[in-house]
Structures are given as C-alpha cells and as structure tokens.
Amino acid sequence: MAPRAALSQLLQGTRLTFVFTDEQTVVVKPAASPPAAQAAPTHGEPASTGPPHTLKQIDVTSSVIDPLATRANLPLRRIPQSISILDRQQLDEQNLTSLADTFDYATGTVALRSSFPFGTTLYSRGFPVTAYHVDGSAPLSWERYGFGAVDPDLAEYDRIEILRGIDALFGGAGNPSASVVLWRKRASGDSADSITQLLDARGRMRSEVDAGGALSYDRSLRGRAVVAYDDRPEFYGPASSRGTLLFGTIEYDLSPATTLDAGMSYQLRRALPMFSGLPRYTDGSDAHLPHSEFFGVPWNRTDSENAEAFVQLEHRFSDGWKFNVDLAHFIQKATSAGVQYGGAIDPIADDFQIGAYQQAFSQRASLRRTTAEIQLTGKFEVRGRTIEAIAGMDFERERSDLVEYVTPPSAPSLPIDENYRPSPADYARTSTPLNLTTQQGFYTALRFNSADDRLHLSGGIRWNRYVEKGLTVYNDVFGTTDYPEARRVQHFLGGVYDLSHSLSVYGSFAETYGPQYNAQTAEGGLIGPSHGTNAEVGVKGEWASGAITASLGAFEIHQFNVAELLFSDVGGGFCCYLARDGKSTGFEAELKGRISERWNVRIGYALQTSGYEQTPATDGTTLSTTLNSRLPRQRLNAWLTYRPREQVETWDLSLGLRAQTHVAQTGFSCPSAFALSSCGSFQVAQQTYAVADLRFGYQFNATWSASVAVTNLLDRRYYQTIGLPQNGNWYGDPRNVTLSIRKILH
C-alpha cells in the first residue's frame, strides 16, 4: 500500500490529518474544525461538556529503504551492490547545496578541485565518476567542459543516490567507479510550502522557497516550484559566487493508470574564482600561505547557465506491469576569463622560481544534450515461479564545443600583481574543439527468488554503442576526426541470500568499458577502449522495518588498457600515452538510522588501495605506480544526532567527523621547457587529518525551526586537494558558523 493511502486508512475517524513536508517527512496534525453549524452532535452523540482536548502535532521522519538507482523498488538489503543515499533531511541538516559537497560526506567518495576553470572531479573506489542520471534517465557524462561551472544546486532535488562500483545495465560507457542519481522533487497533492534562509559568518546569504500542492479539486493536477538564491563569499581573497535557481514541475493524472510529469529548471551562476589553486615550495613542501591567499586578479570570472526541460510518462497496467518514457533536453553554457599561474616558490628568494609563468585566457564552452529512455517493468510466472523483468533502451546525443584565447606566458612575481591585465591584441586563439557524441543502449534483466524466498538472483546484459566525431580549429587550420565506434556487451550478475529476517549476504559481478579517443601512443596510434570489471561480496542488515540499515562489503576492480599520460625526463614535457592495467581493492562499511529512542547515526568508512598492475620498461619516461596518489587510502564520515524527546517543541544536537589518511604525490618536475637546469624531484603531501562539525537545532513549533552549525569546529588547517609544486593545491574550509531558519507554510 502506498504511504499516503496507508496513512489515510490509519487516521480515518481520528479527527487527524497529515501533510508530507518532503518525500521522507510527514506531519500529523488535528484536522480543521468544522463550522459551528456542523459541529453539533448527531446520531445520538452526547454533547461535550468539558474543555476541548488539545492534540499535539507529531513529526514522523521515515527512512528511505527503496533506492531507485537499480530501477527496482527493493530494500537496500535485497540489492547486491553498494548504495548510499543522501536524503533531503541529511542535505538540510549538513547544509549540502552542491553535488561536490555531498561527496565530502558520502561513504567512499572524494571530491578534488582541479586547476582549470571548470574543474571539480568526483571519485569513487579510485576512479573518476563519469555516469550520472537525473530521475533515472539515460546516462549523462558531465566530464566534458562545464561540470565544475554548473555543479547543480541541490534545492531542485529530493535525494542523491550513489551506486558505488559499476552500473552495468544503466550506466553506459565510463569508469568502474560509481553511478550518481539525482532525484528531482515531485509534485504532491498535499500542500507543504516552506521558506528557508541561511546566513554564515563570511556573509553568505542563501534563500529557498519551495511551494506545491493540488491545482485541481480532485488532485489530479499537481504542481511544485522551487526558487533559490545563493550569494556566497569564499574564504580566499575576493573570490565569491552568486547563483539563482528556478525549478517547476506539473504532474497530471491522465487516467487512474497514467501519469504525465513535465517541468523545467534554469540555473545561473556568476563567480569570481581562483583558477590555479596555490603553489608550494620547489621540493613540494608546504609554503604555509595564509588561508586568505588569492592567486588571481580581480577580473577573474566564470559565468555559467544550465537549462533543462523534461517530460515523463508512466502507465500502470492492470497486471502489475509498468511502462515509462523519459525525455529531457539540457543546455549548458559557460564563459571564463582571468589569469592562471604556474610556478613553485623558491624558499630562499621567497619568490617564484625561475621559469614560472602567468597567462591570461578567455574561454567559452557550450554543451547541448538530448536524452530519451523507454522502459518496461513487470512480473510473469513460469511453472508457478514469479520472475521480475525489466527491459528498455536509452539514447543520449551531445554536442560540445570550446573556444579559447590565450596570451603568451610572462614571468610573475610575489606578491601577485592585481593590476596585471593584457590588452585585447595580446590574445590569440589556440584551438576550437567541437565534439559530437552519440550513445545508445539496449538492456534487459531478470530477477527471481527461490522457493523458500531466501535466495534472490538477478542478471542482465546491456548492449552499448558509443560514437564520437571531432572537429578542431588550431591556428586557423581545420582538422576533422571520425573516431571508430566503440560497441560492447556489458554483463551483470548478482545474488542475495537471507541468513535471517534481518541479515543477508550478497555478491555481484559487473563490467563496463570506456572510450579513450584522445589517447595517442608514441607511434601515433590510438589506444582502444578500456575494459573494467567489478566484483564484490558483503553482508547487509536491516532492523526496525528498515529504520536502521547497515552494510559491509569488499570489492575488487580491474580496469584494463588504461591510457596513462607519460612525462618525459629527457624533453621536460608530456610525450604520449601508454596502455596499462589498473586495479583497486578495498572494503566499505555503512551504518545509518535511529539506533535508539534518542540517537540517530550516519557512519561510513572506506578503505581502498589502487595502483597499476605492471610497470613496463620505457626509455626516458616517468611511470607512476598508483592510479591517483591524491586519493586517501582510508576515509571516515560520521554524523551523530541526539534528540532528548519526541515532541513538537524540542532541540537536537549533532556532532560530525570527517577524517582521512595521508596522501602524497611525488614526481620529477621542471618549471618549463626552457629551464631544464632547474628540474628536480618533489613530494607534495597532506598528513592524516580529522575535521569536526557541530550543529544545534531547535524546533519552536510545528512550523518554525532554526539551527546553528559550526563546520571545522577546531579550525584545522589542511589541504582538501593536493596538486603540484607549481599549482593545484586547495585549502579545506576554515572554521565557519552558519545559521539556518525554516518556516513551513500549511
């Protein structure tokens, strides 16, 4: 039975009603009093002579136990893969407003800043994340120009699901890392409007308005709208960003069995960023620059737009089968201009080393993407056994381009000259890549249970086709490239065995592949697609009807034929690509839920070791032994909440902890091709650290609540991302205090 129908039946005749404030929270309150003329007793009821009873309002928060990343409404315990869910309650409590923010708090994931105008790279299990879905749509790849600039504002979404490992059936081509699903907020027949205001000690001001409800008397037409504005100063120099989000969706029941959902969103962001990060000393040691250090100029800028429109149709057949159609169109635009810096600091001269550079640039990137998915799900019987089935196809077509102008590099000095600004005549166009990408896939899968309903097996295949065509203009010379098609059949096999009503063991195997069209060997040929496999086994638990969930899993990932960019010790630059085989192993543990009447916990721990499986001999090149030494081997996230009593007017106290082990990047570096005499080895490192967060929340009544959060409570100084001695090092946020106020409008 659906939650709303179950609550309606439960509260029938109790003079109580309910309102869903979001997909996981329901408010139970007294029903509106009838008019005086209708309040008289009837059917022999005695008139009340005592004072009226006052009923207290109750807020009930449920847990999300049916993730949809696998396109099956199954509890976590029945899914033979590792999935983490960040619901709206967690996003609000921890003030997570961007996808990059969530990867700092999810199990087994890392977000690294990069020295590029559109740079934030998300990692899982040692590999960059390349597969994204919105509402379970066709796979999207945000690795091309613009993801960092249009990192989506999460006010539009109800929850985030992260399936770690390989999403063989629905993920398309990509890395064996993870698949991220962003679930939009849905229109509801229940009115639960809210206003949220957020302020912090640095001057940040963020406002959100979320309104929705029935638009027709019979509730067959429903709507929802979200508006968000975020003005956010950064802690380093004059850096800041301003963003606006507009989102709206309408849902209409064409019939009792058919529902149409359509909507649009628009996001605009204007930022004054720092592009290159911070440098370190020539040997890679920490230069101990202040948190407020800004390696940039006041006219640095990045402006981005992200618009999308979608239509979804669902038809429910009488025998339990469902047919879904999902269409979407995305437009992303971003422009950037400013100055990039590259050069380590000489500890003796206290200035840039010889060969350091500053270079002004101007870029314009755009991306247009159309996706479509058709899916059929249901059940059928074979010899008295019920088999669940899913079949579908998806399609993605993408057009992306980048226009770039740069100036000749010049020598910078410390402190940075904020007045540096080349004339327009100094800029020259470098390259204008235009890419046309098409990806389509057909998939099918079956799931069935044993006779005693303890063994649950599932398996499926996906046929995927990936095609890319390129056009490049370099110094007014045109070049075209028709890359070979990359076609593969991907397999998935999984099983779950119930040890008891609460515990299950599971195992699964999945595979994927990834085109590498820009990887050219020393001989001038192209390295073919990589091939990835993910095998994992583990145990999952579920207690209190899903209110408490736990999992422990071990994994082993292989990625064959990985293209690695080589650095030449002889030429002082990058020479070519080499095909190598990568491997990542580890385990992950997660505990989430209400473990007692007063305590809620969210704890995630991950250990992973990754590296190349062989190191072939080369002449004059430096080979790394790790896939990415900037990723920690161990990472812990914890969030504990204490709530003394379950009443409308109450308080809660939360303590958070984020910790990771030592990371280091070593290598051989030259300041430039013209300063080979200054080449030398380096090590850039960040020691093991832990960051504590604290939050105090107070519920004044059924509609008003507020919280004060202190992030980095002990003001720990650490690098969130390490890079090279020349640039690419980013501090983690210093201590900050945030006030959040929320009003629910009934």
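Residues numbered from 1 in each chain as written. Predicted model: local features only at pLDDT ≥ 70, side-chain atom pairs only at ≥ 80, totals over all residues. Heavy atoms only, no water.

Caption draft 1: Seen up close, the overall build of the protein chain. Looking only at helices and strands, one finds three helices and 41 strands in the protein chain. Accessible area for the protein chain stands at about 33300 Å²; split by element, carbon and sulfur atoms hold 57% of it. (Helix = DSSP H or I, 4+ residues; strand = E, 2+ residues; numbered from the N terminus. Areas by Shrake-Rupley, 256 points an atom, 1.4 Å probe, with all protein chains shown as cover.)

Caption draft 2: Representation of the environment of Glu 396 within the structure. Along the chain, the position of Glu 396 falls in strand β21 (residues 385-406). You can call Glu 396 buried: its relative accessible area is 6%. Separated by 41 residues in sequence, Glu 396 and Thr 437 place their C-alpha atoms 8.0 Å apart. Filtering out sequence-adjacent residues up to four positions away, Glu 396 remains in contact with Pro 139, Leu 140, Ser 141, Arg 369, Thr 370, Thr 371, Thr 437, Thr 438 and Gln 439. Within polar-contact distance, the side chain of Glu 396 engages the side chain of Arg 369 at 2.9 Å. (Buried < 20%, exposed > 50% of the residue type's maximum accessible area, 1.4 Å probe, protein only. Contact = heavy atoms within 4.5 Å. Polar contact = N/O pair within 3.5 Å; in protein donor to acceptor, adjacent residues only side chain to side chain.)

Caption draft 3: Spatial organisation of the packing of aromatic side chains. Taken as a whole, this structure holds 14 aromatic pairs when the rule is applied. Here the aromatic rings of Phe 235 and Tyr 236 are separated by 5.0 Å at their centres, their planes lie at 90°, and the arrangement is edge-to-face. Each member of the pair, Phe 235 together with Tyr 236, is buried. Measuring from centroid to centroid gives 6.0 Å for Phe 295 and Phe 352, while their planes differ by 85°, and the two rings are edge-to-face. Of the two residues, Phe 295 is situated in the loop between β15 (258-272) and β16 (301-316) and Phe 352 in strand β19 (residues 351-352); the sequence distance between them amounts to 57 residues. Residue classification places Phe 352 among the buried residues on the basis of a relative accessible area of 10%. Chaining the aromatic ring pairs together yields one cluster made of Trp 599, Tyr 642, Trp 651 and Phe 696. (Phe/Tyr/Trp six-rings, centres within 6.5 Å; stacked < 30°, edge-to-face > 60°.)

Caption draft 4: Molecular detail of the pattern of salt bridges. The full count for this structure, using the stated rule, is 40 salt bridges. The partner of Arg 242 in a salt bridge is Asp 231, with the nearest N and O atoms 3.4 Å apart. You can see Arg 242 sitting in strand β14 (residues 240-255) and its partner Asp 231 sitting in strand β13 (residues 221-233), a full eleven residues away along the chain. Here Asp 652 ties to Arg 695 by a salt bridge, and the two come within 2.8 Å at their closest N and O atoms. Note that Asp 652 is positioned in strand β34 (residues 650-660) and Arg 695 in strand β37 (residues 689-699), a separation of 43 residues in sequence. In this structure Asp 652 comes out as buried when scored by relative accessible area, which is 9%. One salt-bridge network, in which partners are shared between bridges, spans Asp 153, Arg 204, Arg 206, Glu 208 and Asp 230. (Salt bridge = Lys/Arg side-chain N within 4 Å of Asp/Glu carboxyl O.)

Caption draft 5: The sheet that holds strand β6 (residues 120-124), seen in detail. With respect to topology, three strands assemble into an open sheet ordered β5-β6-β7, the strand pairing being antiparallel. Edge positions in the sheet fall to β5 (109-113) and β7 (127-128), since each has one partner strand and no second. In this structure, β6 lies alongside β7, joined through two bridges in antiparallel fashion. When the sheet's bridge partners are listed, Tyr 123 is paired in β7 with Pro 128. (Pairing = 2+ DSSP bridges.)

Caption draft 6: Representation of empty space enclosed by the protein. This model, assessed by the stated rule, comprises nine cavities of 30 Å³ or more. Here the second largest cavity is characterised by a volume of approximately 180 Å³. Forming the walls of the second largest cavity are 19 residues, and the residues nearest its centre are Gln 90, Tyr 105, Thr 107, Glu 590 and Arg 602. Those elements that provide at least two residues to the lining of the second largest cavity are β4 (82-87), β30 (573-594), β31 (599-612), β33 (634-642) and β34. Its residues assigned to classes, the lining of the second largest cavity comprises nine nonpolar, six polar and four charged. (1 Å grid on protein atoms, 1.4 Å probe; cavity = no way out; pocket = protein on both sides within 12 Å on 5 of 7 lines; lining within 4 Å. Points joined across faces, edges and corners; volume = space filled by probe spheres on them. Nonpolar A, V, L, I, M, F, W, Y, C, P; charged D, E, K, R; others polar.)

Caption draft 7: Local environment of the sheet that holds strand β9 (residues 157-164). Reading across from one edge, β4-β9-β10-β8 is the order of the four strands in this open sheet, with mixed pairing throughout. Edge positions in the sheet fall to β4 and β8 (131-134), since each has one partner strand and no second. Strand-to-strand twist of the sheet, defined as the mean angle between neighbouring strand axes without regard to direction, takes the value 15°. Where β8 lies against strand β10 (residues 178-184), four bridges are found, and the strand directions are parallel. Note that in β10 the partner of His 133 across the bridge is Val 181. (Axes fitted to C-alpha atoms, helices over the stretch in contact; angles between N-to-C directions.)

Caption draft 8: Structural detail: the environment of Leu 503. Within the element layout of this structure, Leu 503 appears in strand β27 (residues 503-514). Considering only alpha carbons, one finds Leu 503 and Ala 550, 47 residues apart in sequence, at a separation of 9.3 Å. When neighbours within four sequence positions are excluded, Leu 503 is seen to be in contact with Arg 77, Tyr 497, Asp 498, Val 539, Lys 540, Gly 541 and Trp 543.

Caption draft 9: Region of the structure containing the environment of Leu 91. Looking at the element boundaries, Leu 91 is found in helix α2 (residues 88-93). It is 9.3 Å that separates the C-alpha atoms of Leu 91 and Ala 155, two residues lying 64 residues apart in sequence. With residues near it in sequence (within four places) discarded, Leu 91 still touches Leu 86, Leu 96, Thr 102 and Leu 154.

Caption draft 10: Quick peek at the pairing of β9. The element β9 is largely enclosed, with a buried count of eight among its eight residues. Pairing analysis gives six bridges linking β4 to β9, with the strands arranged antiparallel. Paired with Ser 84 across the strands is Ile 162, a residue of β9. Taken together, the seven bridges between β9 and β10 define a ladder with antiparallel strand orientation. Residue pairing across strands places Ile 162 opposite Val 180, the latter belonging to β10.

Caption draft 11: Structural view of a nonpolar patch on the surface. A contiguous nonpolar patch, built from Leu 199, Met 205, Phe 700, Trp 704, Val 708, Val 737, Leu 739 and Ile 741 and spanning about 640 Å² of accessible area, is present on the exposed surface. If you list the elements that add at least two residues to the nonpolar patch, you get β38 (704-711) and β41 (736-745). Looking at which element gives the most residues to the nonpolar patch, the answer is β41, with three residues. Among the secondary structure elements, Val 737 is positioned in strand β41. Val 737 gets classed as partly exposed once you look at its relative accessible area, which sits at 37%. (Patch = residues over 30% accessible without salt bridge, like charges linked within 9 Å, V, L, I, M, F, W, Y side chains within 5 Å.)

Caption draft 12: Structural view of the nonpolar core. Formed by 29 residues in total, the largest nonpolar core has its most connected members in Leu 122, Ile 160 and Val 180. When contributions to this core are tallied by element, the ones reaching two or more residues are α3 (99-103), β8, β9, β10, β13, β14 and β17 (322-342). Other than its neighbours up to four places away in sequence, Ile 160 contacts Ser 84, Ile 85, Leu 86, Leu 99, Leu 154, Val 180, Val 181 and Leu 182. By size, the runner-up hydrophobic cluster in this structure holds 27 residues, among which are Tyr 236, Ala 239, Leu 272 and Trp 299. (Core = buried A, V, L, I, M, F, W, Y, C linked by side-chain atoms within 4.5 Å.)

Caption draft 13: Structural detail: the confidence of the model for the protein chain. The pLDDT averaged across the protein chain works out to 85; a share of 83% of its residues lies at or above 70. Highest mean pLDDT in the protein chain belongs to β33 (97); lowest belongs to strand β3 (residues 58-61) (47). Long-range and interchain partners of residues 34-65, a stretch whose pLDDT sits below 50, account for 38 contacts in this model, where long-range means more than four residues apart. Counting interchain partners and residues more than four positions distant, the pLDDT-below-50 stretch residues 144-149 has 32 contacts. (pLDDT = per-residue confidence, 0-100.)

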